[in-house]
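One-letter residues, chain by chain:
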Amino acid sequence: MPEQPQIGPDEYDLLQRIGAGDTAAFEAFYKNYYPRLFRFILRMTRQPEAVEELIQETLLVVWEKPQGFNHESKISTWVFGIAYHKTLKAMTKSARRNNDVDIDDLTETIGDPTANPANNWENEDWLNYALATLPPEQRAVIELTFYHGLSYQDVARILDCPENTVKTRMFHARRKLQVFADAQEK
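Here's what I pulled together on the structure shown here. Everything numeric here is computed off the predicted structure, so don't read it as measured data.

So, on to unusual backbone geometry. Unlike most non-glycine residues, R46 shows phi in positive territory, near 60°. Note on placement: R46 falls in the loop between α2 (23-45) and α3 (48-64). The backbone phi angle of H71 is positive, close to 65°, even though this residue is not glycine. Looking at the element boundaries, H71 is found in the loop between α3 and α4 (75-94). With relative accessibility at 59%, the residue H71 sits in the exposed group.

Okay, the packing of aromatic side chains next. The way to describe two aromatic rings as a pair is by their centre distance and the angle between their planes. This model, assessed by the stated rule, comprises eight aromatic pairs. Relative to F69, the ring of Y12 has its centre 5.9 Å away and its plane inclined at 55°; by these criteria the two rings are tilted. Of this pair, Y12 sits in helix α1 (residues 11-19) while F69 sits in the loop between α3 and α4, and the two are 57 residues apart along the sequence. A relative accessible area of 40% means that Y12 is categorised as partly exposed. Judged by its relative accessible area of 4%, F69 is buried. Every member of this aromatic cluster is reached through a ring pair, and the members are F26, Y30, Y34, F38 and W63. Its guanidinium or amino end placed over the ring of Y33, R36 lies 4.6 Å from that ring's centre, counting from NZ or CZ. The ring of Y147 has R43 lying over it, and the distance from NZ or CZ to the ring centre is 4.1 Å.

Here the focus is the pattern of salt bridges. Scanning all chains against the criterion turns up seven salt bridges. Among the ionic pairs, R17 bridges to D13, the shortest N-O distance being 3.4 Å. Within this pair, R17 and its partner D13 are both found in helix α1, separated by four residues, close to a single helical turn. Using a relative accessible area of 29% as the deciding quantity, one classes R17 as partly exposed. In this structure, the salt-bridge partner of E143 is R43, at a minimum N-O distance of 3.0 Å. Placement of the pair is E143 in helix α7 (residues 136-147) and R43 in helix α2, with a sequence separation of 100 residues. On the basis of relative accessibility, which here comes to 2%, the residue E143 falls in the buried class. For R43, a relative accessible area of 11% translates into the label buried.

The rules we used
- Residues numbered from 1 in each chain as written.
- Predicted model: local features only at pLDDT ≥ 70, side-chain atom pairs only at ≥ 80, totals over all residues.
- Heavy atoms only, no water.
- Helix = DSSP H or I, 4+ residues; strand = E, 2+ residues; numbered from the N terminus.
- Buried < 20%, exposed > 50% of the residue type's maximum accessible area, 1.4 Å probe, protein only.
- Phe/Tyr/Trp six-rings, centres within 6.5 Å; stacked < 30°, edge-to-face > 60°.
- Lys NZ or Arg CZ within 6 Å of the ring centre and 35° of its normal.
- Salt bridge = Lys/Arg side-chain N within 4 Å of Asp/Glu carboxyl O.

So this is what it looks like as structure tokens:
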């Protein structure tokens, strides 16, 4: 179910006030975006220890460069775009993609329930683990579309790619998740 932003001050008004150096406006903006960015970045990185720093870096851009918002999209699209690029850069820089699971290895393990009895997950854990099997670009598409309710057009802006690329990533992500789901049923 997509997360709905909290009802509060108009984001455009907050951003304008942030541009004027209003710390109270930034605090309200921060409180509104923190939980959404936390979830997004955690699902992207699978590294809880990296989330806080990436949220800080993302929102620092909002504080320092609110004029970077060009009014061609929603503010949330702009903010998630910043978070996405910061997250990918951090993942590449740290070369810690070892939390990503190879779908072939996973299917072999899941196919035999006695191979690892500790891997009997609850539904939510199962979904989180299944999402971890996806490359970051596909995870981002799933996260932004399903959990944040963004359109393919907005996701394309965030990921800085054509809308058809978003559709292709969604297609491949769904296929991989279906393979994972099928393996669970065996």
